[in-house]
Amino acid sequence: MEAAGAELCTARLRLRPWSTRRDDLARLLDLYGRDEVTRWLGGRPSVTPVELVARWAAVSASGARAGVWAVEVSGTGVVAGTVLLKPLPGGVGEVEVGWHLHPDCWGHGYATEAARAVIDRGFAAGLPEVYAVVRPGNVPSLAVCRRLAMEPLGRMRRWYDVELEVFRLMAPAVVD
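A. Quick peek at the pairing of strand S8 (residues 164-170). Across the seven residues of S8, five count as buried, placing the element largely inside the fold. Judged from the six bridges that link them, strand S6 (residues 129-134) and S8 form a sheet pairing that is antiparallel. Bridging from a neighbouring strand, Val-133 pairs with Val-166 of S8. Pairing between strand S7 (residues 151-156) and S8: five bridges, direction antiparallel. The residue of S8 that forms the bridge with Arg-155 is Glu-165.

This is the structure:
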């Protein structure tokens, strides 16, 4: 099985590992330096972009059921943001799908398309279910969860010590 951080392609997107190239680091600084993005993430990253890339590489190296990818718009080279599939903190094996897109790439369906690709990859690797956690009031991310056909489970404080809207998507049943 190929590494989780390996490249994935969809109809419009190329999902690839973040790098420490100057353009990637500049886009990370721009993306995670914006209040309209970080207000939904609980604040700005507490580490440098280089350390963030290293942490994400470690997540991706942990196995086929996890990864963090740069979401690049095919044919343009524009990095729309980040999509992730990683264990929820303090959980018992639950895996979270998440997306953080730059405002200049909002409203194009990239979050849904990228999330669907990594969810499908996770299910193919044997994940039985995937969760999404969304801050109340984040209407665009709530809409992505609906478009992904995720089941709303209500508000919980289970993983990030803050009340979040929780969604779950079960893997499709496999019939022999």
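After that view of the structure, there is still more to cover.
B. Geometry of the side chain of Glu-113. Note on placement: Glu-113 falls in helix H4 (residues 110-124). Every residue in contact with Glu-113, bar those within four places of it in the chain, is listed here: Thr-10, Ala-11, Arg-12 and Leu-13.

C. Structural context of the confidence of the model for the protein. Summary statistics for the protein give a mean pLDDT of 91 and a share of 95% for residues scoring 70 or more. Per-element confidence in the protein is highest for S8, whose mean pLDDT is 97, and lowest for helix H3 (residues 49-61), whose mean pLDDT is 91.

D. Summary view of the packing of helix H1 (residues 22-32) against H3. H3 packs onto H1 with a crossing angle of 100° between their chain directions and a minimal axis gap of 9 Å. The orientation of H1 relative to H3 falls into the category roughly perpendicular. Where H1 abuts H3, its residues Leu-25, Leu-28, Leu-29 and Tyr-32 lie against Pro-49, Val-50, Leu-52, Val-53 and Trp-56. Across the contact of H1 with H3, the residue classes break down as nine nonpolar, no polar and no charged.

E. Spatial organisation of the packing of aromatic side chains. Counted according to the given criterion, the structure contains three aromatic pairs. Centre to centre, the rings of Trp-18 and Trp-56 are 6.1 Å apart; their planes meet at 45°, and the pair counts as tilted. Taken together, the residues Trp-18 in the loop between strand S2 (13-16) and H1 and Trp-56 in helix H3 connect sequence positions 38 residues apart. One aromatic cluster in this structure is built from Trp-18, Tyr-32 and Trp-56.

F. The environment of Leu-148, seen in detail. Looking at the secondary structure, you find Leu-148 in the loop between helix H5 (139-147) and S7. The buried category is assigned to Leu-148, whose relative accessible area is 1%. Placed 36 residues apart in sequence, Leu-148 and Thr-112 show a C-alpha to C-alpha distance of 6.7 Å. Excluding residues within four positions of it along the chain, Leu-148 makes contact with Trp-99, Thr-112, Ala-115, Arg-116, Ile-119 and Leu-169.

Cut-offs used in this document
Residues numbered from 1 in each chain as written. Predicted model: local features only at pLDDT ≥ 70, side-chain atom pairs only at ≥ 80, totals over all residues. Heavy atoms only, no water. Buried < 20%, exposed > 50% of the residue type's maximum accessible area, 1.4 Å probe, protein only. Helix = DSSP H or I, 4+ residues; strand = E, 2+ residues; numbered from the N terminus. Pairing = 2+ DSSP bridges. Contact = heavy atoms within 4.5 Å. pLDDT = per-residue confidence, 0-100. Axes fitted to C-alpha atoms, helices over the stretch in contact; angles between N-to-C directions. Parallel < 35°, antiparallel > 145°, perpendicular 65-115°, else oblique. Nonpolar A, V, L, I, M, F, W, Y, C, P; charged D, E, K, R; others polar. Phe/Tyr/Trp six-rings, centres within 6.5 Å; stacked < 30°, edge-to-face > 60°.

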